[in-house]
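# Results of the structural survey
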Amino acid sequence: MPTSSLMALSLVLVLAGVQAAQAQPASVEARADSLVQAVLLVDGHVDLPHRLNDIYENPAATTVGGDFDYPRARAGGLDAPFMSVYIPTYLQSNPAAATNRADALINLMEKITTEHPNAFSGATSPDEVRRIAETEAVALPLGMENGAGLGGEIDNVKHFYDRGIRYITLTHGMHNRLGDSSYDDAEPRWNGLSPFGKNVVAEMNRLGLMVDVSHATDPTAMDAIEQSEAPVIASHSSCRHFTPGWERNVSDELIQEVADTGGVVMITFGSSFLQNEYRDRDAPIRDEMQAHIDSMGWAEDSREAVVYEQETRRAHPIGTVQDVADHIDHAVDLVGAEHVGLGSDFDGVFALPEGLQDASEYPTLVAELLRRDYTEDDIAQILGENILRVWAAVEATAETRQE
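Residues numbered from 1 in each chain as written. Predicted model: local features only at pLDDT ≥ 70, side-chain atom pairs only at ≥ 80, totals over all residues. Heavy atoms only, no water.

Let's shift gears to the pattern of salt bridges. Under the counting rule described, the total for this entry stands at 23 salt bridges. A salt bridge links Glu 57 to Arg 51, with the shortest nitrogen-to-oxygen separation between them at 3.3 Å. The two residues Glu 57 and Arg 51 agree in class, both being buried. For the salt bridge of Arg 281 with Glu 277, the shortest nitrogen-to-oxygen distance reads 3.1 Å. Exposure remark for Arg 281: the relative accessible area of 41% places this residue in the partly exposed category. Put simply, Glu 29, Asp 326, Asp 329, Glu 368, Arg 371 and Arg 372 are held in one network by salt bridges that share partners. (Salt bridge = Lys/Arg side-chain N within 4 Å of Asp/Glu carboxyl O. Buried < 20%, exposed > 50% of the residue type's maximum accessible area, 1.4 Å probe, protein only.)

Residues Asp 294, Glu 300, Asp 301 and Glu 309 make up a contiguous surface patch of negative charge. Checked against the element boundaries, Asp 294 lands in helix α11 (residues 282–296). (Patch = residues over 30% accessible without salt bridge, like charges linked within 9 Å, V, L, I, M, F, W, Y side chains within 5 Å. Areas by Shrake-Rupley, 256 points an atom, 1.4 Å probe, with all protein chains shown as cover. Lys, Arg positive; Asp, Glu negative; His and termini not counted. Charge placed at Lys NZ, Arg CZ, Asp CG, Glu CD. Helix = DSSP H or I, 4+ residues; strand = E, 2+ residues; numbered from the N terminus.)

To continue, consider the pairing of strand β9 (residues 264–267). Every second residue of β9 is oriented toward a common face, with Val 264 and Met 266 on one face and Val 265 and Ile 267 on the other, all of them buried. With 2 bridges joining them, strand β8 (residues 232–234) and β9 adopt parallel strand pairing. Each bridged residue has a counterpart across the sheet, and for Ala 234 the counterpart in β9 is Val 265. Following the backbone out of β8, through helix α10 (residues 252–260) and into the adjacent parallel β9, one traces a crossover that is right-handed. (Pairing = 2+ DSSP bridges. Right-handed = clockwise from strand over helix to strand, strands pointing away.)

What follows covers unusual backbone geometry. Although it is not a glycine, Asp 345 adopts a positive phi angle of roughly 70°. Secondary-structure assignment places Asp 345 in the loop between β10 (340–342) and α14 (362–371). Residue classification places Asp 345 among the buried positions, given a relative accessible area of 6%. With a phi close to 70°, Asp 373 is a non-glycine residue in the positive phi region. Looking at the element boundaries, Asp 373 is found in the loop between α14 and α15 (376–402). Accessibility expressed as a relative area gives 68% for Asp 373, which makes it exposed.

The structure is reproduced here in structure tokens:
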């Protein structure tokens, strides 16, 4: 065959190969990467404020600690993580100290958005989240984790609303002045919401704060659902179906009750939430890690200790991304995709599953949902549209009540 004919044949074969490649559907991973960048991704719970309060790093740059920073958020398509203004239970006995801690963490987040405006922007409404998502900045709405931060004063609901808080997780690790905690081994203090807790829910409805029943006992959560005139959320809880007897996760009945308010249950990624058998696996890992840090003489807040902790966590994932998808499946089967969201608990847990180790890895979960035949519309709802819809409904309830 003449050389010119060989060249022509080669060109035809190359073009045919290109056309065949173009005709192939995009891989699941590629679709997932595109989807998280195209839709709004809102995470119901990230503990960055508490983490930075302990050991400060610049979250606008790549950090050595934790699960969240600006580069990883952008890589994962994350548009709006709710920053957890967390009040440790040891402050509950000192109401002023609890309130001061909440104010201090809000100050910290305001400092970050002021110093790094191209990376982060505060957000106090769903409309602001949507506007910020059109820029390169990550929106940082605020939620208070543990109503003890109110210091027992009803006027502080408005104080913290004015400071940007848009949901309150009523309890945390111990019973408090609002209600009973699922983590507290003591006998229930109130057997549900306290009288003060009921007043707080009413004031939250009036002002436009979402009521969050994560961490609450079943009676406390049920009381909150009954008292609230607006949709209720669980900002970072998974399905008790997979962890029988563990009240921290929400029961099928509670999932249905939250959905009946028009609310959303936001599935968390922490390994301990995924299966009961995972809950004790991290203790030996932590103990060995701490022994090494102590043997090296490193301070807890030293760079060496932080780097070693991160290396240890990454080397010992517990559970898989499929476990998280199983929880999403279960909730969707119960109440539909329109009442399910994501609340990772990044920066708030030690152990995370393989494939969901930090804020860059949301596409791994989305790819798993695509493999399970979720539509892109369903995934868009789960990733962010559901919580934004609920937030808007809570605002509308407040407007009606104020009129």
